[in-house]
Amino acid sequence: MTFPAIAEVLDRALLEFDRALRTVAGVHQAERPSPAAGLSEADLDAAARAHSAALMRVNHVGEVCAQALYQGQALTARDAHTRASLERAAREEGDHLAWSMDRIRALGGRPSLLNPLWYAGSLALGVGAGLLGDRWNLAFLAETERQVEEHLTGHLERLSADDAPTRAVVEAMRDDEAQHRDTAVALGAAELPAAARRAMRVMARAMTTIAYRI
Ligand SMILES: [Fe+2]
Ligand SMILES: [Fe+2]
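Residues numbered from 1 in each chain as written. Chains lettered and ligands numbered in written order. Predicted model: local features only at pLDDT ≥ 70, side-chain atom pairs only at ≥ 80, totals over all residues. Heavy atoms only, no water.

**With respect to the layout of surface pockets**
One simple way to see leftover space: roll a probe sized like a water molecule over the atoms. Counted as a void, the largest pocket has a volume near 960 Å³. Lining the largest pocket are 38 residues, and of these His151, Ala204, Arg205, Met207 and Thr208 lie nearest its centre. Among the secondary structure elements, those contributing two or more residues to the lining of the largest pocket are α2 (46-76), α4 (115-131), α5 (134-158), α6 (164-186) and α7 (194-213). When the residues that make up the lining of the largest pocket are grouped by side-chain class, the tally is 18 nonpolar, 11 polar and nine charged. (1 Å grid on protein atoms, 1.4 Å probe; cavity = no way out; pocket = protein on both sides within 12 Å on 5 of 7 lines; lining within 4 Å. Points joined across faces, edges and corners; volume = space filled by probe spheres on them. Helix = DSSP H or I, 4+ residues; strand = E, 2+ residues; numbered from the N terminus. Nonpolar A, V, L, I, M, F, W, Y, C, P; charged D, E, K, R; others polar.)

**Looking at the coordination of the iron ion (ligand 1)**
Looking at the metal site, the iron ion (ligand 1) is ligated by Glu63 (OE), Glu63 (OE), Glu93 (OE), His96 (ND1) and Glu177 (OE), spaced 2.0 to 2.3 Å from it. The sequence motif formed by the donor residues of the iron ion (ligand 1) is E-x29-E-x2-H-x80-E. (Donors = N, O, S within 2.8 Å, 3.2 Å for Na, K, Ca; no water.)

**Description of empty space enclosed by the protein**
All chains considered together, the criterion is met by one cavity of 30 Å³ or more. The computed volume of the largest cavity comes to approximately 40 Å³. Together, Glu41, Ala42, Leu44, Arg49, Arg103, Leu107 and Asp163 line the largest cavity. Here the residues of the lining of the largest cavity sort into three nonpolar, no polar and four charged.

**As for the pattern of salt bridges**
For the coordinates displayed, the defined rule picks out 12 salt bridges. Here Arg181 ties to Asp182 by a salt bridge, and the two come within 3.4 Å at their closest N and O atoms. Look at Asp182 and you get partly exposed, because its relative accessible area is 42%. Here the salt bridges do not stand alone but share partners, grouping Glu143, Arg146, Glu150 and Arg201 into one network. (Salt bridge = Lys/Arg side-chain N within 4 Å of Asp/Glu carboxyl O. Buried < 20%, exposed > 50% of the residue type's maximum accessible area, 1.4 Å probe, protein only.)

This is how it looks when you write it as C-alpha cells:
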C-alpha cells in the first residue's frame with residue numbers, strides 16, 4: 001500500500017469513528033430541518049406522551065443501527081460507485097437519528113440505555129454482510145430498509161392521531177427508507193433467502209420489544 005492510500009484509509013477510519021461516537025452519544029446534527037419544525041405540540045395525557053416517547057425510542061434505536069449498517073457498508077464496499085451512491089442514504093439516516101432524538105426530548109423521554117450495544121451488534125452485522133460482497137451487502141441493506149418501512153407504518157397506526165409533530169417525523173422517515181431500499185436494489189442487491197429475511201424479522205422484533213422499555 002502506498003502512503004497516500006494508507007493516509008486515505010486512516011482518514012476514513014477516523015471519520016467513521018467520530019461518527020460512531022456521535023451516534024452513540026446522541027449528538028448528531030441534522031442537515032435537513034425536522035419535519036416536526038413549526039408544528040405545535042399536542043396536548044397529550046401522560047400515558048399517550050410516554051407511549052409516543054417509547055415508540056420514538058424504538059425508532060431512534062433503529063436509526064442507531066442504520067448508522068452502524070451504513071458504516072459497515074462504507075468500510076467494506078468494494079465498488080466506489082456503490083459506496084458513493086449510498087453516502088446520500090447514510091446522510092439521510094443521520095437526519096433521522098437527530099429528528100427522532102429531538103422527538104424523544106420533546107416528549108420528555110430518553111434514548112435507549114443499550115445504544116452502544118445496538119450499535120456494536122449492527123456494525124458487526126454490516127461488516128459481516130459487507131465481507132460477503134457488494135451484492136449481499138446491498139441485499140441486507142435493502143431488506144433492512146423494507147422492514148423498517150413496514151415497521152414505521154405500524155407505528156403510524158399506534159401513534160396518537162393528535163401527535164402531529166411525531167407523525168410528521170415518522171412519515172418523512174418512512175418515505176426516505178423506501179427510497180433507500182430502491183437505491184440498494186438499483187445498485188444490484190441480491191434477493192435474500194427467505195430464512196435470512198425471517199431471522200432478521202425475529203431479531204428486529206426482539207430489538208423493538210426491548211427498546212420500547214429500556
Ligand atoms: Fe432511517
Ligand atoms: Fe433508511
